[in-house]
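Results of the structural survey
Below, each chain spelled out in residue letters.
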Amino acid sequence: MSQDDKQPLEIQLYESRKKIHPRETSGFFQRLRKLSLFALLGGFYLMPWINYAGRQALLFDLPARKFYIFGITFWPQDFIFLSWAMIIAAFTLFFVTALAGRVWCGFACPQTVWTELFVQIEQWVEGNRNKRIKLDKSPWNFNKIRRRGLKIVIWLILALWTGFTFVGFFTPIRELADLVMTWTLGPWETFWIFFYGLATYGNAGFLREQVCLHMCPYARFQSAMFDRDTLIVSYDPVRGEPRAAGKKRREEIDNVGDCIECQACVQVCPTGIDIRDGLQYECIACAACIDACDEVMIKVGKEPGLIKYTTENEMEGKKTHIMRPRIMLYIVALSIMIGLFGYTLLSRKSIAVDVLRDRNSFFRMVDAKTIENVYKIKIMNKGKSAQTYEISATGFGGDSNVELRVVVDDKFKNRELAAGELLNLPIKIRANRSDVKRRIQNIELQIKVVSQEGSPNGEMVTEESKYFGPKK
Amino acid sequence: MSECNNQEIDFNKRQLKRIFYRRLAVVIWVSFFVAGLETMAFFVMFDPELLGQLSIWSVMLGATEGYTFGFLFFWVFNLTTAVMVGLVMVLPRTKLAKRTGPKPE
């Protein structure tokens, strides 16, 4: 056994990170990425400034516990909509992944988009890949300090602006801007602006591809959505191998593949992998290698597409099936979910009601002929204007001869509820003793909106409860 | 021979350090992520301003402070759980951890 064999092997997973300097490239997919960057970041930075009907169009007002999304106001009671929207979003992500691979990662994920933006700035300040590597290796001289300093300053400004915009989604951004201008920010707004700014700086400027490799849960399970018909970025080894460059290429020109081993695909990769090793979980499908390789292939006078968006089936010369059971299942599930979501959203009531029985007593005898049950009704006005209500009760198996009288305290009579107000309303329901034939019976309470400015009256919510009587 | 041993010890030390830092990073990140979800689910149901009045310190808690404290609270406790899991998961260097595979030649 030689000395070399005894050398311990470093485990790759714990290798300390080498900074990746992705080389700039251009082409169809990079133009698409730039477009997506402009659309998404533009949307993010401008959205809070857009007003709709006199209010910030998109405002998640956490202090007031209201979400404004254009004309619609969501209360905490509407959390179900938010969770459904999230489930639908997750399903859409799975659907897109099954169809087209990790397009989310390459083109739309905030991590990728902000990293792209930060890399663009780096490139603008420090120059191209070779210059950046040289600068990285050079000792700290005036030039390095100047360039690094300028980069860090621009990054910091951008990160703080991002933090400010982010907080602007949760507190009205115009007020926030005033506070910033007059230097009177509260401690918590300051904390969140800096926290989110720092997170942006750290994620996009420093961590970059490490977030995708080590932190992202989606990267770990996305392969579960893949099948042989999913679009992937792939190198064609049949055409490319055996790869050769330089002297070897000239000598064996008849036996070599199309890959000229120029390393362009490796140099442009933002996660630092070699796509020629096959599909890897590190690949975020940004397609930079496709653009870089196509450019080289055209230069050397060969057909582009040595690296391309393709499917496993296509690579093997088989047919790609777009409509397959998995896809159809996703489409059906998604249409049902979106349909139900839309329907419930449109038929949303402007009141929320909860009926609780008074726990202190089952029933009370008002006089020899009358029985009384006590309830507490929680009414919330989810509408946009003040409301008053009318409460009635029916029950006892739908017997129309039974009369249930709802008694409301005088101080609650015709009580008007402002928009967003929550009221705990104690009520009594009286019934004739002769009608109460069983110990426990079901009743229904109808809460009807009787007056509401600017929207139709007559909205009604029905709640079930129990009515207790004496033992027979 | 002794030189090789030293190298090996150095390497093992480096490796253990990396494993430790990686574990630490995973613990911090995962507890942060879950704390975000918990904060959302929790504060949908409870208004932080009312919670402040209900607590034993009867502090007047504004909404923003409430959410922030809630988030940090969840994060700290998730972190505790994760650190403890990490700590207990690692086998101590006793007989339990001894490898019983084939001996190197």
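It should be emphasised that the depicted structure is a prediction, and the values quoted were computed from it without experimental measurement. (Residues numbered from 1 in each chain as written. Chains lettered and ligands numbered in written order. Predicted model: local features only at pLDDT ≥ 70, side-chain atom pairs only at ≥ 80, totals over all residues. Heavy atoms only, no water.)

**Observations concerning the overall build of chain A**
In terms of regular secondary structure, chain A is built from 16 helices and 15 strands. In summary, chain A has a C-alpha radius of gyration of 33 Å against a globular reference of 23 Å for 472 residues, an excess of more than 25%. Based on the C-alpha atoms only, the size of chain A along its principal axes is roughly 115 × 60 × 55 Å. For chain A, with 472 residues in total, the buried portion stands at 40%. Counting only contacts in chain A whose residues sit at least 6 apart along the sequence, the fraction spanning at least 24 positions is 70%. Accessible surface computed for chain A: about 26400 Å², of which carbon and sulfur atoms make up 61%. Positive and negative side-chain charges of chain A, numbering 64 and 51 respectively, have mean locations separated by a distance of 3 Å. (Helix = DSSP H or I, 4+ residues; strand = E, 2+ residues; numbered from the N terminus. Rg over C-alpha atoms; globule rule 2.2 N^0.38 Å. Buried < 20%, exposed > 50% of the residue type's maximum accessible area, 1.4 Å probe, protein only. Contact = heavy atoms within 4.5 Å. Areas by Shrake-Rupley, 256 points an atom, 1.4 Å probe, with all protein chains shown as cover. Lys, Arg positive; Asp, Glu negative; His and termini not counted. Charge placed at Lys NZ, Arg CZ, Asp CG, Glu CD.)

**Regarding the pattern of salt bridges**
A side chain with one charge may pair with a side chain of the opposite charge, provided their charged atoms come close. Taken as a whole and judged by the stated rule, the model has 28 salt bridges over all chains. With its nearest N and O atoms 3.9 Å apart, the salt bridge here joins Asp47(B) to Arg65(A). Note that Asp47(B) is positioned in the loop between helix H1 (2–45) and helix H2 (48–54) and Arg65(A) in the loop between strand S3 (58–61) and strand S4 (66–69), a pairing that runs across two chains. In this structure, Glu372(A) and Arg430(A) form a salt bridge, with 2.7 Å as the shortest nitrogen-oxygen distance. Taken together, the residues span a long stretch of sequence, with Glu372(A) in strand S10 (residues 370–381) and Arg430(A) in strand S13 (residues 422–432) at a distance of 58 residues. Classification of Arg430(A) as partly exposed rests on a relative accessible area of 23%. (Salt bridge = Lys/Arg side-chain N within 4 Å of Asp/Glu carboxyl O.)

**What to know about the sheet that holds strand S5 (residues 72–74) of chain A**
Residue and element names in this part refer to chain A. Taking strand neighbours across the sheet as the criterion, the three strands line up as S3-S4-S5 in an open arrangement whose pairing is antiparallel. The outermost strands of the open sheet, each flanked by one partner alone, are S3 and S5. Within the sheet, the average angular offset between the axes of one strand and its neighbour, ignoring direction, is 15°. Pairing between S4 and S5: three bridges, direction antiparallel. Pairing of isoleucine 69 across the sheet is with isoleucine 72, part of S5. (Pairing = 2+ DSSP bridges. Axes fitted to C-alpha atoms, helices over the stretch in contact; angles between N-to-C directions.)

**Some thoughts on the packing of helix H6 (residues 142–168) of chain A against helix H7 (residues 173–181) of chain A**
Residue and element names in this part refer to chain A. Taken N-terminus to C-terminus, the directions of H6 and H7 make an angle of 135°; their axes are 9 Å apart at the nearest point. As judged from the angle between their axes, H6 and H7 are oblique. Judged by the twist between their axes, the crossing of H6 over H7 is right-handed. Across the interface between the two elements, Phe164, Thr165, Val167 and Gly168 from H6 touch Ile173, Leu176, Ala177 and Val180 from H7. A per-class count over the contact of H6 with H7 returns six nonpolar, two polar and no charged. (Parallel < 35°, antiparallel > 145°, perpendicular 65-115°, else oblique. Left-handed = near helix turned anticlockwise from the far one by under 90°. Nonpolar A, V, L, I, M, F, W, Y, C, P; charged D, E, K, R; others polar.)

**Quick notes on the environment of Thr311(A)**
All names here are of chain A. Relative to the helices and strands, threonine 311 resides in the loop between strand S7 (307–310) and helix H15 (312–315). Threonine 311 gets classed as buried once you look at its relative accessible area, which sits at 1%. For the pair threonine 311 and isoleucine 232, spaced 79 residues apart in the sequence, the C-alpha separation amounts to 5.8 Å. Ignoring anything within four residues of it in the chain, the contact list for threonine 311 reads Arg228, Asp229, Thr230, Leu231 and Thr320. Here the side chain of threonine 311 touches threonine 320 through a polar contact of 2.9 Å, side chain to side chain. (Polar contact = N/O pair within 3.5 Å; in protein donor to acceptor, adjacent residues only side chain to side chain.)

**Description of helix H3 (residues 63–89) of chain B**
Owing to its 3.6 residues per turn, the α-helix aligns residues three or four sequence positions apart on the same side. Spanning 27 residues, H3(B) covers 38 Å between terminal C-alpha atoms, matching the ideal 39 Å at 1.5 Å per step. Taken together, the buried positions of H3(B) are occupied by Ala63(B), Gly66(B), Tyr67(B), Thr68(B), Gly70(B), Phe71(B), Phe74(B) and Asn78(B). (Expected span 1.5 Å × (residues − 1).)

**Observations concerning the nonpolar core**
Residues and elements named next belong to chain A. Val233, Ile275, Cys289, Ile290, Ile307 and Tyr309 are the most contacted members of the largest nonpolar core, which has 38 residues in total. Within the residue set of this core, elements represented by two or more residues are helix H2 (79–100), helix H3 (103–108), strand S6 (232–235), helix H13 (264–268), helix H14 (288–299), S7 and helix H16 (325–346). When residues in this core are grouped by element, the largest group, seven residues, is from H14. Apart from the residues lying within four places of it in its own chain, the contact partners of isoleucine 290 are Phe29, Val233, Ile307, Lys308 and Tyr309. One finds Ile351, Ile377, Ile429 and Leu445 within the second-largest nonpolar core, a separate group that totals 28 residues. (Core = buried A, V, L, I, M, F, W, Y, C linked by side-chain atoms within 4.5 Å.)

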